[in-house]
Number of protein chains: 2
Amino acid sequence: MEDEQEKVVIHGLVCPRPLTHYETVLLGHGSGGKMTRDLIEGTFYPPFENPALMRGDDAAVVAQPEPGRLAISTDSHIVSPLFFPGGDIGHLAVCGTVNDLAMVGARPLWITASFILEEGLPLVILEHVTASMKEAAGEAGVDIIAGDTKVAERGKADGMFISTTGVGWVPSDRAVSGANAQPGDVVLLSGPIGDHGIAVLAARGELAFETALESDIAPLNDLVEKMFDSCSSIHVLRDPTRGGLATALNEIACQSGVAIQLDEEKIPVRPSVAAACELLGFDPLYVANEGKLVAMVPAEDAETILQAMRSAPYGEEACRIGEVEAEPSGKVLMRTAIGGTRVVDMLSGEMLPRIC
Amino acid sequence: MEDEQEKVVIHGLVCPRPLTHYETVLLGHGSGGKMTRDLIEGTFYPPFENPALMRGDDAAVVAQPEPGRLAISTDSHIVSPLFFPGGDIGHLAVCGTVNDLAMVGARPLWITASFILEEGLPLVILEHVTASMKEAAGEAGVDIIAGDTKVAERGKADGMFISTTGVGWVPSDRAVSGANAQPGDVVLLSGPIGDHGIAVLAARGELAFETALESDIAPLNDLVEKMFDSCSSIHVLRDPTRGGLATALNEIACQSGVAIQLDEEKIPVRPSVAAACELLGFDPLYVANEGKLVAMVPAEDAETILQAMRSAPYGEEACRIGEVEAEPSGKVLMRTAIGGTRVVDMLSGEMLPRIC
């Protein structure tokens, strides 16, 4: 029978026993020499296997997609802990970049992944994370074609940071931008808000109660394709990550020079998220999501697009939450449940560091 | 008269006086809210100014280059200290990625930059680094079109890490890969080796003597274009960064299944680098470079390509250092100055952590 007392939890992952020196990341893994090659061939090539990556040159070379435009997006991921209910930093890195591409109407094609590892990180953690990246990339239909690994001395980084960049192809009939919202547009939201932020807080032990809540991390490119299949007139797409729905809508209101009017009662929030926010003094409008999108679409197409969203696995709970108006330009307003109207500002300061 | 005693050196940069809280990076700069927007608009947009970046969407959208292939490469940069003789992490991040693209024969077009900042980092450091990135990008002729900023709590990162990804276009008449070396090829090197590694060591105060040596950091895409202008038959290009020339040549010998025979006397090393290596017990063959390339080319074209290299600013000291042979496959051999032959292996372990 395994000794329960031997178990150790490292960066949120339960390891069955304390690890030896040679089961962890060493400075030599970042040397560029033999140990780096062993790490690449042993840990990165098997899950990410594809010809462009495994050619082993300084850059991956791929055939260009059909004529059209390219979309390029990058993100660093420093979430703490690395593992949390519903996912880990690997899912986050791939889905975050896939979603940023999808939010300009692009079909994600290729991802690069650059790892900054802290000396002493258990190699088993790296293996779990690369398995998650493989899983997320497989679901999104993208290849991880280039990478890099650096190792910082113990205490100079926090376990693992991952920077991902994505390249996608934008079909020529799509014109999606945060600058394209029009007065009269309907605002659609793909599901309940705040799950990711609260799930990570729970993993940090910062909630006073147990919750079964999981992060909503998901690749949204399939949902976006279903939306475009139903109607190509989508004006704006955005995933409300850091800063939450309130910040994403404020960005769009500024970029487009419009007002966004929300109905408080229509914004879905799970009871467990609402309870956690109540307890912690947070507003779910500012809590991060990693598998939701907000869209601005012409009123006449809104119902068609909403039905298309509801037919996709990550859009089943999609709903209308408001509309776009001309004035006051750059503002987000909310009709409250008791009948008033309040201004919803961008996030000020930092509520939840290292949520993504 | 300014008080000399007030000066502080932070991450290798001399600041004229101690800094206040509001002159440093705060957690709120990574929130995704107002402070992040202020940082983007105040610190990143002015140096990097271009339409794709400043549109402010989740991904940059750009027109595809002419038909052909795309090259994509990524790197994280964790050099310590951030500033060193001849450059800083900003030059390193841009040049490193530009060079990786050039090493597959690509013309670099776009760069993304993702910053992981430590809470408390002086904002003036970030401004110096973005100015360096602008300078390097300008010289290389690339635009920085997308970015991201995350902030880790004090003590959870070391000042600043930058991950860059580059996308370039490969003209259809180029077929460059580490797998393409052929027996009979001549090995060319663009200049003296080891400058970068020793310059960073000097900045760390690890040399017992003063040296005027500077890092060789440079974008090599113009040099590569001049080489291709002279002759399109180049088989292999590689920049010997981490792990040095010895490791780069071992990688190529393995990828191509060939032997590489070097002449020790022909490998250029500056006297100051040789002296530092002697003192520290290092072999310059394993010391990192950031502005050098090694090429394998057909013997009949070698002189033409060598003359083209010497006509470029970063190739003036280019020379022949050896040749490619069929056997022993996967090995790098060196004829020593005293007439023997020794095997030159890949780097084992880690000699100089955080050199790039």
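(A) A look at the sheet that holds strand 9 (residues 160-170) of chain B. The mixed open sheet is built from five strands, whose spatial order is 3(A)-4(B)-9(B)-7(B)-8(B). Every other strand in the sheet has two partners, leaving strand 3 (60-63) of chain A together with strand 8 (143-152) of chain B as the edge strands with one partner each. Each neighbouring strand pair of the sheet contributes to a mean axis angle of 20 degrees, computed without reference to strand direction. As defined by bridge partners, strand 7 (residues 107-118) of chain B adjoins strand 9 of chain B across 10 bridges and the pair is classed as antiparallel. Residue serine 114 of chain B lies in a different strand from strand 9 of chain B, and its bridge partner there is serine 163 of chain B. Sheet strands in contact with helix 4 (residues 123-140) of chain B are strand 7, strand 8 and strand 9 of chain B, and its direction is about 15 degrees off that of strand 9 of chain B.

(B) Inspection of the relation of the copies chain A and chain B at higher detail. Relative to chain B, chain A is turned by 180 degrees and slid 0.0 Å along the rotation axis, the superposed coordinates differing by an RMSD of 0.0 Å. Read as a symmetry element, the transformation amounts to a two-fold axis. Across chain A, the rotation axis passes nearest the C-alpha of alanine 157 of chain A, at a separation of 2.2 Å. When the interface residues of chain A are mapped onto chain B, 100% of them again fall at the interface, so both copies present the same face.

(C) Structural view of the interface of chain A and chain B. In this complex, chain A contributes 82 residues to the contact, which on the side of chain B involves 83 residues. Connecting chain A to chain B are 12 salt bridges. Between aspartate 345 of chain A and lysine 34 of chain B there is a salt bridge whose closest N-O contact spans 2.9 Å. There are 46 residue pairs in polar contact (both at pLDDT 80 or more) connecting chain A and chain B. Elements represented by at least two residues in the side of chain A that touches chain B include exactly helix 1 (34-48), strand 3, strand 4 (69-77), helix 3 (89-102), strand 7 (107-118), strand 8 (143-152), strand 9 (160-170) and helix 7 (244-256) of chain A. A class-by-class count of the residues in the side of chain A that touches chain B yields 35 nonpolar, 26 polar and 21 charged. The pairing of strand 3 of chain A with strand 4 (residues 69-77) of chain B spans four bridges and is antiparallel.

(D) Expanded view of the packing of helix 3 of chain A against helix 4 (residues 123-140) of chain A. All names here are of chain A. Where helix 3 meets helix 4, the closest approach of the two axes is 7 Å, and the angle between their N-to-C directions is 30 degrees. The angle between helix 3 and helix 4 falls in the class roughly parallel. Here helix 3 runs over helix 4; the crossing is right-handed. Residue-level inspection shows Ile89, Gly90, His91, Val94, Cys95 and Val98 of helix 3 in contact with helix 4, the latter providing Val129, Ser132, Met133, Glu135, Ala136, Ala137 and Ala140. For the contact of helix 3 with helix 4, a count of residues per class yields nine nonpolar, three polar and one charged.

(E) Expanded view of the environment of proline 219 of chain A. Residues and elements named next belong to chain A. Along the chain, proline 219 turns up in the loop between helix 5 (195-203) and helix 6 (221-230). Classification of proline 219 by relative accessible area gives buried; the value is 4%. Expressed as a C-alpha distance, the spacing of proline 219 and alanine 136, which sit 83 residues apart in the sequence, is 7.2 Å. Every residue in contact with proline 219, bar those within four places of it in the chain, is listed here: Cys95, Val98, Asn99, Glu139, Ala140 and Tyr314.

(F) Broad picture of the pairing of strand 14 (residues 319-325) of chain B. All names here are of chain B. Direction of pairing for strand 10 (residues 186-189) relative to strand 14: antiparallel, over a ladder of four bridges. Counterpart to leucine 189 in the pairing with strand 14 is cysteine 319. Sheet topology places strand 12 (residues 259-263) next to strand 14; four bridges connect them, and they run antiparallel. Following the sheet pairing, alanine 259 is matched in strand 14 by glutamate 325.

(G) A look at the domain arrangement of chain A. All names here are of chain A. Domain boundaries in chain A define domain 1 (2-170) and domain 2 (186-343). For domain 1 versus domain 2, the distance between C-alpha centres works out to 28 Å. Listed per partner, the contact involves 22 residues of domain 1 and 22 residues of domain 2. Taken over both partners, the interface formed by domain 1 and domain 2 buries close to 1800 Å², and the fraction arising from carbon and sulfur atoms is 62%. It is Pro85, Asn99 and Met103 in domain 1 that bury the most area against domain 2; as a group they hold 31% of the surface buried on that side. At the surface where domain 1 touches domain 2, the tally comes to one salt bridge. With its nearest N and O atoms 2.9 Å apart, the salt bridge here joins glutamate 225 to arginine 107.

Conventions used here
- Residues numbered from 1 in each chain as written.
- Chains lettered and ligands numbered in written order.
- Predicted model: local features only at pLDDT ≥ 70, side-chain atom pairs only at ≥ 80, totals over all residues.
- Heavy atoms only, no water.
- Pairing = 2+ DSSP bridges.
- Helix = DSSP H or I, 4+ residues; strand = E, 2+ residues; numbered from the N terminus.
- Axes fitted to C-alpha atoms, helices over the stretch in contact; angles between N-to-C directions.
- Contact = heavy atoms within 4.5 Å.
- Least-squares fit on C-alpha atoms with pLDDT ≥ 70 in both.
- Salt bridge = Lys/Arg side-chain N within 4 Å of Asp/Glu carboxyl O.
- Polar contact = N/O pair within 3.5 Å; in protein donor to acceptor, adjacent residues only side chain to side chain.
- Nonpolar A, V, L, I, M, F, W, Y, C, P; charged D, E, K, R; others polar.
- Parallel < 35°, antiparallel > 145°, perpendicular 65-115°, else oblique.
- Left-handed = near helix turned anticlockwise from the far one by under 90°.
- Buried < 20%, exposed > 50% of the residue type's maximum accessible area, 1.4 Å probe, protein only.
- Domains from an automatic or database assignment.
- Buried area = accessible area lost by both parts, 1.4 Å probe.

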